[in-house]
Amino acid sequence: MPAPTLADIVFSEQANHNFSKILGDLKKSNLSITNRLKSIQHDAAFVHEVADVLGLPLVANERCGSWYIDPQLKRSSAYFKSTDGHTGQWKFSTRRLNFHLLEVIGRNDGCIIVDSTRRGKRMPDALSKTIPIWCTVLNQALFPSHPESHTLHVPPTVVSSSEHSQMSSRLPFFLSSLLALQPDIPSLRQNIQKPLRPLWVTPDDELTPEMVDEIKVSFHPVVCCTSSRRVVGTEMSEEGYIQGAGDDTENWAHGLTAPLFWANQRQLLETPEGDLPGLIEMLVANSEAGGQAVGELKRVAPRLLVGALSAEEKALTSSSQENICVVSLVPKTTEKETWEKSKRHMEVGLGKSKTASRFLREALPSICDFVSRFLQECADADAETGTSTGKDANKEIVLLCESGRDLSVGVALALYCWCFVDSAGTVRSAADQGQNHNKASIRVKLGHIMTAFPDANPSRSTLQSVNSFLMDWRN
């Protein structure tokens with residue numbers, strides 16, 4: 001038998017191509033929708049077990065955390081970004097303050113914050129670093145005479161001593177950035193009786209009730225729960241299990257959301273993979289068709305309310321409509337000349353997503369002028385007669401956008417700065433409207449809004465448009 005030649009041993013280019021295709025197909029099959037949903041179900045069982053054992057309420061760190069919590073067991077949502085915990089990029093967010101969690105923590109002597117992370121990591125940076133920074137900075141602000149609580153605590157198996165030292169050195173700056181927002185410290189302090197202390201639990205690391213009870217003697221425990229088991233190799237070695245399966249939903253979920261998954265869990269898990277995209281499309285369409293109920297309005301500051309466009313008709317036909325001004329930010333572009341529908345209603349066509357956020361800068365002068373005229377009506381009448389009717393004190397502005405959380409919140413911030421002197425809702429005079437707008441003052445009022453409406457989510461481009469308008473309006 002002749003010895004094999006080099007050509008017999010080395011794979012041809014076509015063979016290599018086939019190999020790559022086979023490996024790609026295997027990876028795709030392991031990352032299927034079915035495997036993701038089964039992995040989420042598996043991880044959720046662990047999360048619910050932790051809650052049962054520790055007896056603490058579950059809080060989802062959005063967006064990922066909600067996939068792992070049955071909506072009936074979910075007490076609240078949190079917004080801690082992993083990017084604020086990335087090495088060298090540590091940050092205390094002055095936009096996502098998460099003050100609303102203090103009430104949950106105080107009432108229940110602690111809470112469990114749930115999140116997950118991608119393959120290979122033990123826990124997400126949001127749990128290992130962002131939340132510990134948050135706990136420590138709040139301890140320093142709310143318990144200045146409790147030095148024991150001012151030390152940063154991080155999981156030693158995840159965060160090195162060197163990184164811990166670097167993070168600790170930035171704490172004074174983080175505290176200063178919080179205090180610059182002028183938060184109502186006494187009011188926040190009333191929510192909790194003890195300082196906060198982060199603890200950690202993962203499928204690979206045990207946390208017993210006895211350990212938590214020991215902490216409870218002096219602290220409110222903030223348990224950071226990583227829902228997913230760590231996968232060191234590839235998913236192909238895990239028999240379909242996917243670490244952090246609920247992440248990156250834009251790449252696999254076809255519009256499926258965590259609430260829809262939990263509402264239709266059995267049907268989804270029993271449906272063959274090939275039929276899942278069609279089923280999900282149907283569930284999403286049915287949800288949207290049945291989701292046209294009137295949205296709830298959220299008060300984000302005195303006189304200012306925000307909500308989704310579904311609340312427009314109710315706001316316009318309210319029994320107190322004479323005292324209500326409605327600004328609707330619709331997802332289509334329209335000419336400026338068509339925006340004013342009446343003295344009480346403005347419909348601003350900005351378009352969708354990032355386009356809308358960019359166009360907002362050009363629309364804000366018109367919006368602020370429209371609302372200012374509405375607010376000044378009674379004030380001008382009182383000035384002419386030399387009397388005070390008090391009618392202007394009842395005037396409110398309703399701001400609506402598609403989500404109820406982005407553009408409407410950005411416009412609320414602009415109006416809060418432009419039209420009002422203080423947090424009591426005192427209306428600025430026309431001559432004073434363009435005065436004293438800087439990053440610090442804008443940040444303080446954004447902090448007020450985010451504290452009043454934690455689910456608000458103004459995009460970076462929306463906030464950039466607001467800042468640009470307020471600080472550069474004369475140019």
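Higher on the page you've got the structure.
Report on the accompanying structure. Once a new chain begins, its residue numbering starts again from 1 and follows that chain's sequence as written. pLDDT decides what is reported in this predicted model: residues at 70 or higher carry local features, side-chain atom pairs at 80 or more are listed and counted, and totals for whole chains, interfaces and linings draw on all residues regardless. The side-chain numbers reported here are obtained from all heavy atoms of the structure, hydrogens and water having been left aside.

1. Details of the pairing of strand β8 (residues 324-330)
Let me state the cut-off plainly: Think of it in three bands: with a 1.4 Å probe and only protein chains considered, a residue is buried below 20% of the maximum accessible area for its type, exposed above 50%, and partly exposed in between. Secondary structure elements follow DSSP: runs of H or I no shorter than four residues count as helices, runs of E no shorter than two count as strands, and numbering proceeds from the N terminus. One bridge is not enough; two strands pair if DSSP finds at least two bridges between them.
Most of β8 is tucked away, with 7 of its 7 residues classed as buried. Here β8 shows a buried face lined by Ile324, Val326, Ser328 and Val330 and a second buried face lined by Cys325, Val327 and Leu329. By the bridge criterion, 5 bridges tie β8 to strand β10 (residues 396-401) in an arrangement that is parallel. The residue bridging Cys325 from the neighbouring strand is Ile397, located in β10. Pairing of β8 with strand β9 (residues 345-349), which is carried by 5 bridges, proceeds in the parallel orientation.

2. Some details on helix α16 (residues 439-452)
Here is the rule we go by: In this analysis, the expected span of each helix is defined as 1.5 Å times one less than the number of residues it contains. Contacts described as polar in this section are N or O atom pairs within 3.5 Å, which, within protein, must combine one atom able to donate a hydrogen with one able to accept it, while residues neighboring in sequence count only if both atoms come from side chains.
Taking 1.5 Å as the rise per residue, α16 with 14 residues should run 20 Å; its terminal C-alpha atoms sit 20 Å apart, in good agreement. Of all the residues in α16, the buried ones are Ile442, Val444, Lys445, Leu446, Gly447, Ile449 and Met450. Between a side-chain oxygen at the N-terminus of α16 and the backbone nitrogen of Ala440 the separation is 3.1 Å; the capping residue is Asn438.

3. Section: unusual backbone geometry
Geometrically, the link from Glu62 to Arg63 is a cis peptide bond, its omega value of 5° lying close to zero. Turning to its location among the elements, Arg63 is positioned in the loop between β1 (58-61) and β2 (74-78). Notably, Asn98 is not glycine yet its phi reads approximately 55°, a positive angle. The buried category is assigned to Asn98, whose relative accessible area is 5%. Unusually for a residue other than glycine, Asp109 sits at a positive phi of about 55°. Here Asp109 shows up in the loop between α4 (101-108) and β3 (111-115). Judged by relative accessible area, which is 21%, Asp109 ranks as partly exposed.

These figures capture arrangement, not role.
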